[in-house]
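Here is what each chain is made of, one letter per residue.
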Amino acid sequence: MHDPIAAGRRTALRAAAVQALTSGLVALGFLLLGPRAALAAGIGGLAVALGNALAACMALGGIVPARVAFGRLLLGAMAKWGVVFVAFLAAFAIWRLPPLPLLAGLVIGLLAYLFALNAPASGRNRNRKG
């Protein structure tokens, strides 16, 4: 039996894992500028990866009526950006990390998520007939 909600959840969580991996690579690149820049880039990317994973779990919880599904989608999006906002607030106000690597980690993380969502999953044959 095919469960599109479970498949969507797996795809979104796989994309969040790709996003976290990409954020780690960006942080390694910013290590050339120093450990604080690398930490900032890592926090920026991992915050959006965690937010996307949370949003996927909230929005894709199961088969529900359309109004409930739309409400979950909105709550998931708000939770995602809430996680990003809190992480950025802590990075700026508490740890005083540099803003450019933080924003670079966020942007690269968002782009990686979009690419990972649109990439075909390995192991599936879309041209199969029958």
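This text goes with the structure placed above it.
The model shown is predicted, which means the values in this text are computed figures rather than measured ones. (Residues numbered from 1 in each chain as written. Predicted model: local features only at pLDDT ≥ 70, side-chain atom pairs only at ≥ 80, totals over all residues. Heavy atoms only, no water.)

### Quick notes on the overall build of the protein chain
For the protein chain, the helix and strand inventory stands at four helices and zero strands. Here the C-alpha coordinates of the protein chain stretch approximately 55 × 35 × 15 Å along the principal axes. Out of the 130 residues belonging to the protein chain, those deemed buried represent 35%. Across the protein chain, the fraction of contacts at a sequence separation of at least 24, relative to all contacts at a separation of at least 6, is 73%. Accessible area for the protein chain stands at about 8300 Å²; split by element, carbon and sulfur atoms hold 73% of it. (Helix = DSSP H or I, 4+ residues; strand = E, 2+ residues; numbered from the N terminus. Buried < 20%, exposed > 50% of the residue type's maximum accessible area, 1.4 Å probe, protein only. Contact = heavy atoms within 4.5 Å. Areas by Shrake-Rupley, 256 points an atom, 1.4 Å probe, with all protein chains shown as cover.)

### Examining the environment of Gly105
Following the sequence through the fold, Gly105 ends up in helix 4 (residues 99-118). Using a relative accessible area of 1% as the deciding quantity, one classes Gly105 as buried. Leave out the neighbours within four places in its chain, and Gly105 touches Val26, Ala41, Gly44 and Gly45.

### A few points about the nonpolar core
Membership of the largest hydrophobic core is limited to 11 residues, which are Ala40, Ile43, Ala47, Val48, Val84, Ala87, Phe88, Ala91, Leu97, Leu102 and Leu106. Ignoring sequence-local partners within four residues, the contact set of Ala91 consists of Ile43, Arg96, Leu97 and Leu102. Grouped together as the second largest cluster of nonpolar side chains are five residues, Ala12, Ala56, Tyr113 and Ala116 included. (Core = buried A, V, L, I, M, F, W, Y, C linked by side-chain atoms within 4.5 Å.)

### A word on unusual backbone geometry
At Arg96, a residue that is not glycine, the phi angle is positive and equals roughly 55 degrees. With respect to the secondary-structure elements, Arg96 resides in the loop between helix 3 (66-94) and helix 4. Using a relative accessible area of 61% as the deciding quantity, one classes Arg96 as exposed.

### Quick look at the packing of aromatic side chains
Enumeration according to the criterion identifies one aromatic pair in this entry. Their ring planes at 85 degrees and their centres at 6.0 Å tell us that Phe88 and Phe92 sit as a pair that is edge-to-face. Within this pair, Phe88 and its partner Phe92 are both found in helix 3, separated by four residues, close to a single helical turn. Phe92 gets classed as partly exposed once you look at its relative accessible area, which sits at 35%. (Phe/Tyr/Trp six-rings, centres within 6.5 Å; stacked < 30°, edge-to-face > 60°.)

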